[in-house]
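# Inside the fold
Each chain, letter by letter, is given below.
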Amino acid sequence: MATPLHTTIASALRQRIRRGELRVGEPLPSESQLCEEFSASRGPVRQALAALREEGLIGGGQGKRAVVLDAVPAQPFESFLSFTRRAELTGYAPGQRLQEIALRRPESEVAAALQVDQDDLAVQLLRLRLLDGRPAMLERMTYTASVGRLLFDADLDAGSIYAVLTEQGVDLHSARHTFDAVAADATDARLLEVPEGSPLLRERRLTTDSAGVPIEWSDDRYRPDVATVTVTNTRSSRTVML
């Protein structure tokens, strides 16, 4: 059975991104260029681009040129549990202390991730997460204004923000997680009770609804001596090794 053309196009573009031929921040070839290259109509090209967009590899759309966002495909939202649930499963008592919540203009990186203009207002939160009463993680969350406004009247020291939003009918469908290491800044050091410059595990998360519209951008920083993140991959029996 022949491979669908949109699958072939998506696979070719995916490989170029992973090999660095198309780097993060660079635009993809235009739809007309891709049509010519793959001898395809716009339908298969747009299907291929939609697949890469769903994986979080590219952004753009709705008249905007597709741009490479990352070289690693996203994982399903269900593959990561909430901090609260993760703590409970590992035998810790989770806690949280809201430090601030404000309506302000986001930084350029955050605005780009949320696909809003820098002059648009967004709701930003700073919240300390605890394990057995000890500082474990510092959350810096930014929500689009329409979603974030739902949090102003909520008790954000009571538990999961996702639970609050879900109860309000917010469509939390998928999330893209990126992990790296950073040095603690002055705010991290004060709230996490570590020396400034100490290494922290950082998780950056972009959450979208079922239509792919960004809802939340978060920068979470963990004390590595208190909290760790483990990802387990299981190979399906149908997996084909190439």
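Right above here is the structure, for reference.
Residues numbered from 1 in each chain as written. Predicted model: local features only at pLDDT ≥ 70, side-chain atom pairs only at ≥ 80, totals over all residues. Heavy atoms only, no water.

### Thoughts on the overall build of the chain
Our working definition: Helix and strand definitions here come from DSSP, where helices need a minimum of 4 consecutive H or I residues and strands a minimum of 2 consecutive E residues; each element is numbered from the N-terminal end. The rule is simple: take the accessible area with a 1.4 Å probe, protein chains only, and divide by the maximum for that residue type; under 20% is buried, over 50% is exposed, in between is partly exposed. Exposure was quantified through the Shrake-Rupley algorithm and a 1.4 Å probe, taking into account, for residues, occlusion by the shown protein chains and nothing else.
Each helix and strand counted, the chain has eight helices and eight strands in total. Each of the 242 residues in the chain was classed as buried or not, and the buried ones make up 42%. Carbon and sulfur atoms form 49% of the exposed surface of the chain, whose accessible area is close to 13700 Å².

### A word on the nonpolar core
Applied cut-off: Only buried residues count toward a nonpolar core. Its members are Ala, Val, Leu, Ile, Met, Phe, Trp, Tyr and Cys residues joined through side-chain atoms within 4.5 Å. It only takes one pair of heavy atoms within 4.5 Å for two residues to be counted as in contact.
Grouped together as the largest cluster of nonpolar side chains are 19 residues, with contacts concentrated most on Ile-9, Leu-13, Leu-28, Val-45, Leu-49 and Ile-58. Elements with a contribution of two residues or more to this core: α1 (5-19), α2 (31-38), α3 (42-54) and β2 (64-68). If one sorts the elements of this core by residue count, α1 sits on top with five residues. Filtering out sequence-adjacent residues up to four positions away, Val-45 remains in contact with Ile-9, Glu-31, Leu-34, Cys-35 and Ala-40.

### Side note on the pattern of salt bridges
What counts here: Here a salt bridge means any side-chain nitrogen of Lys or Arg lying within 4 Å of a carboxyl oxygen belonging to Asp or Glu.
Here the structure, examined in full by the defined rule, presents 21 salt bridges. The salt bridge partner of Arg-221 is Asp-185, with a shortest N-O separation of 3.8 Å. Of this pair, Arg-221 sits in strand β8 (residues 214-222) while Asp-185 sits in the loop between β6 (174-183) and α8 (186-192), and the two are 36 residues apart along the sequence. Using a relative accessible area of 11% as the deciding quantity, one classes Arg-221 as buried.

### Examining the side chain of Asp-209
As a reminder, the rule being used: Lys and Arg are tallied as positive, Asp and Glu as negative. Neither His nor the chain termini are counted. Whenever a nitrogen or oxygen atom comes within 3.5 Å of another N or O atom, the pair is scored as a polar contact, on the condition that within protein one atom can donate a hydrogen and the other can accept it, and that pairs from neighbouring residues in sequence are kept only if both atoms are in side chains.
By the secondary structure assignment, Asp-209 is in the loop between β7 (199-208) and β8. Buried Asp-209, no salt bridge; nearest opposite-charge side chain is Arg-53, N-O distance 12 Å. A distance of 2.9 Å separates a polar atom in the side chain of Asp-209 from the backbone nitrogen of Ala-211. At 2.8 Å, the side chain of Asp-209 and the backbone nitrogen of Val-213 are in polar contact. With near-sequence residues (within four places) excluded, Asp-209 lies in contact with Asp-171, His-173 and Ile-215.

### Concerning α1
Definition in use: Here the expected span of a helix is defined as 1.5 Å times the quantity of residues minus one.
Helix length check: α1 (15 residues) gives 21 Å between terminal C-alpha atoms against 21 Å at 1.5 Å per residue, within 8%. Buried residues of α1: Ile-9, Ala-10, Ala-12, Leu-13, Arg-14, Arg-16 and Ile-17, and no others. Positive phi shows up at Gly-20, right after α1, with a value of about 85 degrees.

### Quick word on the pairing of strand β4 (residues 122-131)
As a reminder, the rule being used: The pairing criterion is simple: DSSP has to find at least two bridges between the two strands.
Among the 10 residues that make up β4, 10 are buried, leaving the element largely enclosed by the rest of the structure. A two-sided burial pattern is seen for β4, the buried positions comprising Ala-122, Gln-124, Leu-126, Leu-128 and Leu-130 on one face and Val-123, Leu-125, Arg-127, Arg-129 and Leu-131 on the other. Pairing between β4 and strand β5 (residues 134-144): 10 bridges, direction antiparallel. Paired with Leu-131 across the bridge in β5 is Arg-134.

### Points about α3
This is how it is decided: As used here, the arc is the angular range of directions from the helix axis to the C-beta atoms.
The end-to-end C-alpha distance of α3, which contains 13 residues, comes to 18 Å, matching closely the 18 Å that a straight helix rising 1.5 Å per residue would cover. When we look at burial in α3, the residues that qualify are Pro-44, Val-45, Ala-48, Leu-49 and Leu-52. Relative to the axis of α3, the buried residues are bounded by an arc of 135 degrees and lie together on one face. Gly-56 sits one or two residues past α3 and shows a positive phi near 85 degrees.

### Let's talk about the sheet that holds strand β3 (residues 94-104)
Selection criterion: Axis lines are fitted to C-alpha atoms, over the contacting stretch for helices. Their N-to-C directions set the angle, which ranges from 0 to 180 degrees.
In spatial order, the strands read β3-β4-β5-β8-β7-β6; together these six strands make up an open sheet with antiparallel pairing. Taken across any chain shown, the strands that pair with only one partner, and hence form the sheet edges, are β3 and β6. Averaged over all pairs of adjacent strands, the angle between strand axes in this sheet comes to 15 degrees, irrespective of strand direction.

### Structural notes on the packing of α1 against α2
Between two packed helices, what matters for the description is the angle formed by their axes and the separation of those axes. This is how it is decided: Angle categories are assigned with fixed cut-offs, so that under 35 degrees is roughly parallel, over 145 is roughly antiparallel, 65 to 115 is roughly perpendicular, and the rest are oblique. Following the grouping adopted for this structure description, the nonpolar residues are Ala, Val, Leu, Ile, Met, Phe, Trp, Tyr, Cys and Pro, the charged ones are Asp, Glu, Lys and Arg, and the polar ones are all others, Gly among them.
One way to put it is that α1 packs onto α2 with a least axis distance of 12 Å and a crossing angle of 110 degrees. Taken together, the axes of α1 and α2 lie roughly perpendicular to each other. Each of Leu-5, Ile-9, Ala-12, Leu-13 and Arg-16 in α1 lies in contact with α2, whose residues at this interface are Leu-34, Glu-37 and Phe-38. Counted by class, the contact of α1 with α2 contains six nonpolar, no polar and two charged residues.

### Focus on the packing of α2 against α3
Going by this rule: Crossing handedness: left-handed means the near helix sits turned counterclockwise from the far one by under a right angle, and right-handed means the same turn made clockwise.
Close contact between α2 and α3 brings their axes to 9 Å; oriented N to C, the two are set at 110 degrees. The angle between the axes of α2 and α3 places the two elements in the roughly perpendicular class. Here the hand of the crossing between α2 and α3 comes out right-handed. Along the contact surface, α2 presents Glu-31, Ser-32, Leu-34 and Cys-35, while α3 presents Arg-42, Val-45, Arg-46 and Leu-49. Partitioning the contact of α2 with α3 into residue classes produces four nonpolar, one polar and three charged.

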